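Fold and contact review
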Amino acid sequence: MTVMLNRLFTHRMLGPESVPPTDDRFKVIGVLNPGVVSFEGRTAILARVVQAPVETRDDAWASPKIGKDGGLEIDWLPKADVDGESDPRCYFHRKTGQLRLRFISHLQVFYSDDGKRVNTDAEIGKTVMPVGPYETFGIEDPRITPIDGTFYITAVAVSPKGVCTALLSTTNFQHFTRHGVILPPDNKDVLLLPEKVTGDYVAIHRPMPNMPFSPPQMWTARSPDLIHWGAHRQISLGGQGEAFQDRVGGSTPPIMTDRGWLMIYHGSNKEPGAKGAGVYSAGVLLLDPTSPSRVIGRSKEPIMLPTEDFEKEGFVPNVVFPSGIVRHGRQVYVYYGAADESVGVCGFDIEQLLNCVVEK
Ligand code: MAN
């Protein structure tokens, strides 16, 4: 695999060292996959913080959850019953195939003056912990879209009920309003468009079929109020490509350009049945302005591959997972999770991004 485009700059911005754990039985193992927007002359970053239990046992794996009182609890899963070797992120019950996570995630606000660095402790803001029955195993991978002066946040809610999409909103990054689950399991990587399209709000979403007639694909849905979603249509990519053969999902909320909606998406090249996560890379997609399920074109090769040391080495090696985008004149700053451990930011020229798109 080769990468099609040079980044204008790359910085590692945040990592496990950036915040203390919320509980002293835990350690922070990652700060990653952030939603990012311009806010009051600065950049607001809502990152996913991943915490794992410090204690280990010879005969059992530690799997955290939110307990009945809202605090962190640890379940000990007997190693005889549970496979903990196949994936760095989760355990699989040998008989039922059921999943548990090695960690639990919450969301954390950071601010940056230049959009490239978080310099001082004063730039650490509000913490948003998982709550309620749909977030028992954590809340992950937020994406932020400004709509009519409010920041809407879609996030992955993980629990024994499955992997759902929750909607939150804020106007100030101090107080967050929760709007509940908007898409049932398994559905993640949900991106909202920043304006109505022919009268409706539009979301890009990614159902994960249990009956895999196809690998997971991106879909669009429409809504009158951001809560009730319907009119689902598959985004017709026309073949996955080697880099994205395992799955594709939306990465950064679409932004309007003079050629259509520009959206960065991600995928993994994992082979069927292989262990681990595969290599996560990102491509660019151009969607029709009034009918966003129609693909105008896409980059044939990845625009981002794990190339920097902090992208190749970490909790899950070889992962770049874009999740935020901010326009700065003719450039965009793209914010991404690196190796499921750090937040990186890199820059692209918008014209060059569009030039990677091969029209269908
Ligand atoms: C999945 C999710 C993401 C994660 C990637 C790479 O898509 O769990 O949160 O960053 O895998 O591990």
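In the block above lies the structure referred to throughout.
Below or above, wherever it landed, is the structure these notes cover. (Residues numbered from 1 in each chain as written. Predicted model: local features only at pLDDT ≥ 70, side-chain atom pairs only at ≥ 80, totals over all residues. Heavy atoms only, no water.)

Topic: the overall build of the protein
Within the protein, the regular secondary structure consists of two helices and 27 strands. Since a compact globule built from 360 residues should have a radius of gyration of about 21 Å, the 19 Å found for the protein is in line with a globular shape. Each principal axis of the C-alpha distribution contributes one length, and for the protein these read about 55 × 50 × 40 Å. Buried residues in the protein amount to 56% of all 360 residues. Counted over contacts in the protein with a minimum sequence separation of 6, partners at least 24 positions apart contribute 54%. As displayed, the protein offers around 15200 Å² of accessible surface, 49% of which is attributable to carbon and sulfur atoms. Positive and negative charge centroids in the protein, built from 37 and 42 side chains respectively, lie 4 Å apart. (Helix = DSSP H or I, 4+ residues; strand = E, 2+ residues; numbered from the N terminus. Rg over C-alpha atoms; globule rule 2.2 N^0.38 Å. Buried < 20%, exposed > 50% of the residue type's maximum accessible area, 1.4 Å probe, protein only. Contact = heavy atoms within 4.5 Å. Areas by Shrake-Rupley, 256 points an atom, 1.4 Å probe, with all protein chains shown as cover. Lys, Arg positive; Asp, Glu negative; His and termini not counted. Charge placed at Lys NZ, Arg CZ, Asp CG, Glu CD.)

Thoughts on the side chain of N269
Assignment of secondary structure puts N269 in the loop between β21 (260-268) and β22 (280-287). Residue classification places N269 among the buried positions, given a relative accessible area of 18%. A polar contact is formed between the side chain of N269 and the backbone nitrogen of V279, at a distance of 2.8 Å. For N269, the contacting residues outside a window of four places in its chain are M1, E242, A243, Q245, D246, G278 and V279. (Polar contact = N/O pair within 3.5 Å; in protein donor to acceptor, adjacent residues only side chain to side chain.)

Side note on the site of the ligand
Residues in contact with the ligand, as listed here, are N33, R48, R89, D141, K188, Y280, V319, F321 and D340. Here an oxygen atom of the ligand and a side-chain polar atom of N33 are 3.0 Å apart. D141 has a polar side-chain atom sitting 2.6 Å from an oxygen atom of the ligand. Protein contacts shield 94% of the accessible area of the ligand, which totals 300 Å² for the unbound molecule. Its residues assigned to classes, the shell around the ligand shows three nonpolar, one polar and five charged. (Near = heavy atom within 4 Å. Nonpolar A, V, L, I, M, F, W, Y, C, P; charged D, E, K, R; others polar.)

Considerations on the sheet that holds strand β14 (residues 177-183)
Pairing is antiparallel across the open sheet formed by four strands, whose spatial order is β11-β12-β13-β14. Two strands lie at the open edges of the sheet, namely β11 (138-147) and β14, each paired on one side alone. On average, adjacent strands in this sheet sit at an angle of 25° to one another, irrespective of strand direction. The pairing of strand β12 (residues 150-159) with strand β13 (residues 162-170) spans nine bridges and is classified as antiparallel. When the bridges of β13 are listed, A157 appears paired with C164. (Pairing = 2+ DSSP bridges. Axes fitted to C-alpha atoms, helices over the stretch in contact; angles between N-to-C directions.)

Let's talk about the sheet that holds strand β2 (residues 26-39)
Overall, antiparallel pairing links the four strands, which are arranged β2-β3-β9-β10 in an open sheet. In this open sheet, the two edge strands, each paired with only one partner strand, are β2 and β10 (124-128). Pairs of neighbouring strands in the sheet enclose a mean axial angle of 25°, with direction left out of account. As paired elements, strand β3 (residues 42-53) and strand β9 (residues 104-112) share nine bridges and run antiparallel to each other. Along β9, the bridge assignment pairs V49 with H106.

Quick look at the nonpolar core
The biggest cluster of nonpolar side chains holds 24 residues, and the ones touching the most others in it are L262, I303, M304, V332, V334 and F348. Top element by residues in this core is strand β25 (residues 331-338). It accounts for four residues. One finds A44, L107, V109 and I144 within the second-largest nonpolar core, a separate group that totals 18 residues. (Core = buried A, V, L, I, M, F, W, Y, C linked by side-chain atoms within 4.5 Å.)

So, the environment of N187
Summarising the element assignment, N187 is placed in strand β15 (residues 187-192). When its relative accessible area of 4% is taken as the criterion, N187 is described as buried. Residues N187 and V163, 24 residues apart in the sequence, show an inter-C-alpha distance of 6.2 Å. Look past the residues within four positions of N187 in its chain and what remains in contact with it is V163, C164, T165, H205, R206 and P207. In this structure the side chain of N187 is engaged in a polar contact, spanning 3.0 Å, whose partner is the backbone nitrogen of R206.

Description of the packing of aromatic side chains
Enumeration according to the criterion identifies ten aromatic pairs in this entry. Among the aromatic residues, ring-to-ring pairing joins F39, F151, F173 and F176 into one connected group. The ring of W76 carries the charged tip of R57 above its face, separated from the ring centre by 3.9 Å. One Lys or Arg, R102, reaches over the ring of W61 and ends 5.5 Å from the middle of that ring. (Phe/Tyr/Trp six-rings, centres within 6.5 Å; stacked < 30°, edge-to-face > 60°. Lys NZ or Arg CZ within 6 Å of the ring centre and 35° of its normal.)

With respect to unusual backbone geometry
Along the chain, P185 connects to D186 via a cis peptide bond; the corresponding omega equals -20°. With respect to the secondary-structure elements, D186 resides in the loop between β14 and β15. Not every positive phi belongs to a glycine, and E40 is a case in point at roughly 50°. Within the secondary structure, E40 is located in the loop between β2 and β3. If you check the backbone angles, A339 has positive phi at about 55° while not being a glycine. Assignment of secondary structure puts A339 in the loop between β25 and β26 (342-349). A relative accessible area of 0% means that A339 is categorised as buried.

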